Every structure is written in C-alpha cells, then in structure tokens.
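# Examining the three-dimensional arrangement
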Amino acid sequence: FNHSLELLNAINAHEDVSYWQILGDNFYDQEGAVSSTWFAGLSSESKSKMFSTVPGNHDFWVNSAPKLYVPKDQLGNGFMQFYGQDTIAASSASPYDFTNNPDSSSADAAENLPASSNYFFYNQVGNTAFIGYSGAHAYDTMVP
C-alpha cells in the first residue's frame, strides 16, 4: 500500500511524466475507505498529472465473476462514479447512463451491470492515444 504510493509519487515528481493509469482491478474495496486513504496519500505532483483507469473484473464482482456474486458487489457502479471520466455515456444532461437500477432485485442481479458506455473512452496525450473499455461487458455492446 505505502510502497506503491511512494513509488508513484517519486515517479510523478519528474517533469517528463505526463500521465499515469491504473489498468483494472483498482482496489478490492467494497466500502471505499481504502481507496479514499490511498488517493489522499498522493502527492500534489501525482494529482496534477492526467490520470485514467479502466475497470477489471474485481471492480464489478469482488470475488471475480458473476457466479461468485455477493450482495455487496458494486457491479461497476462505484467505479464509474468514483473515477468519473469522459466516457461515451456522458451527455449534456448527465455524465452517466443510469438506465440500469443497481438496486433492482432479480434472479440475475449479478449481471445487472451499468451500460457499457459508462466505461468506454478514448483520448490523446501528445502522440499517445488511449482507448479504455470494460472487460465485463460483451464486445458487441461497445461497437457502433
């Protein structure tokens, strides 16, 4: 925990670093305290760099898969709001697509994921392009 913070803060102290990312399975944190504490430990240099992230399977189901679903699983809802990014879902009316109710009780609760457009983004920093998306959604939900 502290080692990753020290390493990231040391790297981001350099002027030649423009961005950093967390690529999946961001935190196994169902309550939010660990994530909040970790981000509070970032230096001002780290916080001033562009940051992006994509969700891993544990950001939807803490035990890794729908078949291991537990009621406290975020199903990606916590991720999309905590790491608010400029995704395809964003519009002038709302930054997210909340058409799927995460609190609905049904037999397929483990599959009641937010729309894939809440996780799909693309941007560019200098001559580097980034495309981010959710691995929990079917590919055909992310193509035009």
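Residues numbered from 1 in each chain as written. Predicted model: local features only at pLDDT ≥ 70, side-chain atom pairs only at ≥ 80, totals over all residues. Heavy atoms only, no water.

### Looking at helix α1 (residues 2–12)
If you check which residues of α1 are buried, you get Leu-5, Leu-8, Asn-9 and Asn-12. Buried positions in α1, seen along its axis, are confined to an arc of 95° and lie on one side of it. In this structure, α1 carries His-3 and Glu-6 as exposed residues pointing more than 90 degrees from its buried face. As for α1, its buried residues are in contact with β1 (19–23), α2 (33–40) and α3 (44–47). (Buried < 20%, exposed > 50% of the residue type's maximum accessible area, 1.4 Å probe, protein only. Helix = DSSP H or I, 4+ residues; strand = E, 2+ residues; numbered from the N terminus. Arc of directions from axis to C-beta. Contact = heavy atoms within 4.5 Å.)

### Comments concerning the pairing of β1
Residues Trp-20 and Ile-22 line the buried face of β1, whereas the alternating positions Tyr-19, Gln-21 and Leu-23 sit on a face that is not buried. In terms of strand pairing, β1 meets strand β2 (residues 50–54) through 5 bridges, oriented parallel. Bridge pairing in β2 places Ile-22 opposite Thr-53. (Pairing = 2+ DSSP bridges.)

### Describing the pairing of strand β3 (residues 121–125)
Note that β3 and strand β4 (residues 128–132) share 5 bridges and pair antiparallel. Residue pairing across strands places Phe-121 opposite Gly-132, the latter belonging to β4. Joining the antiparallel neighbours β3 and β4 is a turn of 2 residues, in which Gly-126 adopts a positive phi near 60°.

### With respect to the environment of Phe-60
Along the chain, Phe-60 falls in the loop between β2 and α4 (77–82). Exposure remark for Phe-60: the relative accessible area of 1% places this residue in the buried category. In this structure the C-alpha to C-alpha distance between Phe-60 and Met-142, which are 82 residues apart in sequence, comes to 17 Å. Excluding anything up to four places from it in sequence, Phe-60 contacts Pro-55, Asp-73, Gln-74, Leu-75, Gly-76, Leu-113, Tyr-119, Ser-134, Ala-136 and His-137.

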